[in-house]
Amino acid sequence: MAFDDTLLIPTPAPGPVDVDVAICGGGFAGLTLARQLMIENPGVSVAVIDKLTRPLPEAGFKVGESTVELAAHYLRDKLNLAEMLDRSHYRKMGLRYFFQAPEGESGDFSARPEYGLSGFATIPTHQIDRGVFEEELRGMIEADGVRLIEGARIDEIALGEGGAAHRIDYYHDETGDTLQSLSARWVVDASGRRRTLQRQLGLSKQREADHHAVWFRVEGIVNIDGAVPGQTPWHDRVPGGKRFHATTHLVDKGYWVWVIPLATGHTSVGIVATKEYHPFEGFRSRELALNWLAEHEPHFARLLKEGGHEMIDFGAIRNYSHTSGQVFSGDRWACTGDAGVFSDPMYSPGADLIAFANCCISWMVGQDMEGRLTPAMAEEKSKFVISIGELLTRSIQVNYHLLGQPATMAAKLFWDITAGWAVVQPLMYSGAFLDSDTHKAVRAAGRNFFFMSLQMNTLFTDWAKMSKGNIAFDFIDYFKVDAIREMRERNLVPNKPLEELIADQHENMGLMEELAIALFRIAVADVCPEHLHRIEGRWLNATGVSLDPSTWEARGLFEPKSTPRDTARMEAQLRAMFGMKVLEEA
């Protein structure tokens, strides 16, 4: 097929417009984009149109309260919101998982295998009360010069053709039935799950996987430390009674329950499940959700009841994850936040996807204002954001089949968290994804990761099915693996030059190979320990891992193509965490 060279020709500029960028939606995605546009594109005029008016409610408002390092960097450093976040929102202590207790044990929290941090990480992340955050951010963007149109219901987004201006028609609370219009060079859909432009253009794509969620906020902070009486060695794992600062996940096969503290003195609780194990009909209402918790998470349900934590709101959504055929266009329209793509929420990636999308939109607006934006540029950025959503969702939704197997899921968490720090998050810290040549060079340096990741996801899936229960742990602090923690500190540094980024990626790929081989050996120790001696003490081909020893030679497991590395330090720490006596005995 011949290349369409019109993709390289900038879209003609429109005539006079009311505003350069009109953002339809004043939630997290729309407000942060408005702030970013004003910072990065001096002189640009921006309007935000939203149906809500201030004051916004605290706590019982919106979900999407948890951030990880990528989003925290975006908010703190790119949008200059560090002071506001430190002042008004809890600092987060990473991700915490409580698996079900082994059979025959009491099942209270002290008996449940735990995966999380013992203290706060060096790079701050946050638990955000969306009402408080968006209330303050609205005032900030108005001070920046953004035109904020509150109490407005959008009637139509009429996209201009051939470079013509777009028109947004809306009704305002103050003018009743009088239709008002705004013309714009750019229109951005940040309308959330209404997905106005996606539906209008027929671009919305629902995922095949059928996952559902309900959520509610309760009065008071639900402190997990209080679930175990007294002061025990279990409490000492996380000194100072600070477990509640984490995004806590209570998990078993097919589901997870989130517990997120909010600085307004409330706690956000959610139930997320695949219908394969837990049909939506079993927890879709307030009463059903509480009954479901009483059955599946009785100690947590009792903590809610005995603590007097009254429910203040309730929300539910069926089949929540979606993607798109296109989220940006050279015709100067874009979609961000839930109006574009929505991944699975298990690793708190929602704000990450918003950060990537908003950075692309702000960059494209800047290129356009200088007459350089082409349809090809917009298409490249659109494919990038969609691909990040796909990568996250595919990786996360494997987990629902693993959550009932603590050792397997803990290994998967090691893999996914490390991969985030090695592959995805450095793109935001460096901004490499915005420059096509830089992005290609960084991707080329890390190209082996995707082959490894496919094999590892297969390994984890097989491990969960084949586990013999040889591996058990009480507590894993994932910061205690020195090589992984050091890689995180090295990678999450802003504005590195290309040469350093490429060198980092080469080192990251070597470390991911080490991790793949170490986790593979742990899996073999669980599933087929009689074959462990065949793979001990040697460098392996990480793309040839399998729990079927009869295939190892055919898969090239013993024919690595990379330079051997010393895995002793990483393996010793991982084996100690997983209780690897079986490895020494094998």
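Everything below is about the structure shown above.
First things first, this report covers the structure right here in the doc.

Procedures and definitions
Residues numbered from 1 in each chain as written. Predicted model: local features only at pLDDT ≥ 70, side-chain atom pairs only at ≥ 80, totals over all residues. Heavy atoms only, no water. Helix = DSSP H or I, 4+ residues; strand = E, 2+ residues; numbered from the N terminus. Rg over C-alpha atoms; globule rule 2.2 N^0.38 Å. Buried < 20%, exposed > 50% of the residue type's maximum accessible area, 1.4 Å probe, protein only. Contact = heavy atoms within 4.5 Å. Areas by Shrake-Rupley, 256 points an atom, 1.4 Å probe, with all protein chains shown as cover. Disulfide = S-S within 2.5 Å. Pairing = 2+ DSSP bridges. Axes fitted to C-alpha atoms, helices over the stretch in contact; angles between N-to-C directions. Parallel < 35°, antiparallel > 145°, perpendicular 65-115°, else oblique. Left-handed = near helix turned anticlockwise from the far one by under 90°. Salt bridge = Lys/Arg side-chain N within 4 Å of Asp/Glu carboxyl O. Nonpolar A, V, L, I, M, F, W, Y, C, P; charged D, E, K, R; others polar.

## A closer look at the overall build of the chain
Helices and strands together make up the secondary structure of the chain, namely 17 helices and 20 strands. A globule of 586 residues ought to have a C-alpha radius of gyration of about 25 Å, and the chain, at 25 Å, matches this closely. For the chain, the spread of C-alpha atoms along the principal axes amounts to about 75 × 60 × 40 Å. Residues classed as buried in the chain amount to 59% of the 586 residues present. Contacts in the chain between residues at least 24 apart in sequence constitute 76% of all its contacts with a sequence separation of at least 6. Here the chain has roughly 22700 Å² of accessible surface; of this, 51% comes from carbon and sulfur atoms.

## A few points about the state of the cysteines
As enumerated under the stated definition, the model contains zero disulfides in all. Lacking any disulfide linkage, C24 is separated from the closest cysteine sulfur, that of C335, by 9.9 Å.

## Concerning the sheet that holds strand β15 (residues 266-274)
Taken together, eight strands build an open sheet; the order of strands is β16-β12-β15-β14-β13-β4-β5-β20 and the sheet is mixed. Either end of the sheet is taken by a strand with one partner, and the two such strands are β16 (315-317) and β20 (475-477). Strand-to-strand twist of the sheet, defined as the mean angle between neighbouring strand axes without regard to direction, takes the value 15°. Pairing of strand β12 (residues 211-219) with β15, which is carried by nine bridges, proceeds in the antiparallel orientation. Bridge pairing in β15 links V214 to I271. Most of the contacts of helix α7 (residues 286-296) go to strand β14 (residues 255-262), to which it runs at about 110°, and overall it touches β12, β14 and β15.

## Section: the packing of helix α13 (residues 448-466) against helix α15 (residues 498-527)
Think of two packed helices as two axes; the pair is described by the angle between the axes and how far apart they sit. Their axes nearest at 11 Å, the elements α13 and α15 cross at an angle of 15°. Considering the angle they form, α13 stands roughly parallel to α15. Crossing handedness for the pair α13 and α15: left-handed. Residues F449, M452, M456, L459, F460, W463 and M466 of α13 touch α15, and the partners they reach there are M509, M512, E513, A516, L519, F520, I522, A523, D526 and V527.

## A few points about the side chain of S321
Structurally, S321 is set in the loop between β16 and β17 (322-324). The contacts of S321, once residues within four sequence positions are left out, are R193, Q206, R207, F342, S343, D344, T393 and Q397.

## Section: helix α2 (residues 69-78)
Most of α2 sits out of view: eight of its ten residues are buried. Along α2, the positions that sit buried rather than exposed are E69, L70, A71, A72, H73, Y74, L75 and R76. The positive-phi residue at the C-terminal boundary of α2 is N80, with phi of around 60°.

## Regarding the pattern of salt bridges
All chains considered together, the criterion is met by 43 salt bridges. Across the pair R167 and D169 runs a salt bridge, and its minimum N-O distance is 2.9 Å. With relative accessibility at 4%, the residue D169 sits in the buried group. The salt bridge partner of R193 is D338, with a shortest N-O separation of 4.0 Å. In this pair, R193 is assigned in the loop between β10 (179-189) and α5 (196-201) and D338 in the loop between β19 (333-335) and α9 (350-369), connecting sequence segments 145 residues apart. Look at R193 and you get partly exposed, because its relative accessible area is 28%. A relative accessible area of 25% places D338 in the partly exposed class. Look at the salt bridges and you will find they share partners, linking D50, R54, R138, E142 and E150 into a network.

## Examining the packing of α2 against helix α11 (residues 406-430)
Where α2 contacts α11, the two axes come as close as 9 Å, and the packing angle between them is 15°. Between α2 and α11, the crossing angle belongs to the class labelled roughly parallel. Note on packing geometry: the crossing formed by α2 with α11 is right-handed. Residues E69, L70, H73 and K78 of α2 pack against W421, V424, Q425, M428 and Y429 of α11. The residue makeup of the contact of α2 with α11, split by class, is five nonpolar, two polar and two charged.

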